[in-house]
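Okay, here's what each chain looks like letter by letter:
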Amino acid sequence: QVQLVESGGGSVQAGDSLRVSCTASGGTFSTYAMGWFRAVSGEEREFVASISRSGNTVYYADSVKGRFTISREDAKKTVTLQMDSLKIEDTAVYYCAADRENHGNPRRSYMYQYWGKGTLVTVSS
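Just so we're clear, the structure is a prediction, and the values are computed from it rather than from any experiment.

**Student:** Hey, could you run me through unusual backbone geometry in this one?
**Tutor:** Glycine aside, residues mostly have negative phi, and peptide bonds are mostly found in the trans state. Within the chain, Lys77 stands out as a residue other than glycine whose phi angle is a positive 55 degrees. Mapped onto the elements, Lys77 comes out in the loop between β7 (68-73) and β8 (78-83). Among the residues examined, Lys77 registers a relative accessible area of 31% and is labelled partly exposed. Not every positive phi belongs to a glycine, and Ser85 is a case in point at roughly 50 degrees. Structurally, Ser85 is set in the loop between β8 and β9 (92-99). Relative accessible area serves as the criterion here: at 43%, Ser85 is assigned to the partly exposed category.

Structure below.
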């Protein structure tokens, strides 16, 4: 069983940068593919970014490509999402997720078995 805790959310202005992190406990972190999703109140979670177990394969939503960077540090059991050039439409609760099966489409939320509780990112003008 893996527990995921996000941190680093906050309020920033458009154009600023922010880094959110997710730290895992339990399980073997290096065997999990990891993903970030986000949700605006009342809407479904949307894919943001994912990273494979090895860290060699990453995917991004088109809306964040070129602005966000996902990375992992297995020794610290942490996955990080660096968000640059933030836009007002990036405002959402950001969730970290872990996939132990490592097959299927990492852009689909149903591929992930474990989820954090989320951290709020607010971008204002």
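On we go from here.
**Student:** I tried to follow the packing of aromatic side chains on my own but got confused; where do I start?
**Tutor:** For any pair of aromatic rings, the description rests on two quantities: the centre-to-centre distance and the angle between the ring planes. Evaluation of the coordinates by the stated rule reveals 5 aromatic pairs. A ring pair is formed by Phe37 and Tyr112, whose centres lie 5.3 Å apart and whose planes are at 75 degrees; its orientation type is edge-to-face. Linking Phe37 in strand β4 (residues 33-39) with Tyr112 in the loop between β9 and β10 (114-115), this pair joins segments that are 75 residues apart in sequence. The exposure classification of Phe37 matches that of Tyr112, with both residues buried. Owing to a relative accessible area of 6%, Tyr112 belongs among the buried residues under this scheme. Ring pairs connect the aromatic residues Phe37, Phe47, Tyr112 and Trp115, which therefore count as one cluster. Sitting over the ring of Tyr95, Arg45 keeps its end group 3.8 Å from the ring centre. Sitting above the plane of the Trp115 ring, Arg45 keeps its charged end 4.6 Å from the centroid.

Thresholds applied
Residues numbered from 1 in each chain as written. Predicted model: local features only at pLDDT ≥ 70, side-chain atom pairs only at ≥ 80, totals over all residues. Heavy atoms only, no water. Helix = DSSP H or I, 4+ residues; strand = E, 2+ residues; numbered from the N terminus. Buried < 20%, exposed > 50% of the residue type's maximum accessible area, 1.4 Å probe, protein only. Phe/Tyr/Trp six-rings, centres within 6.5 Å; stacked < 30°, edge-to-face > 60°. Lys NZ or Arg CZ within 6 Å of the ring centre and 35° of its normal.

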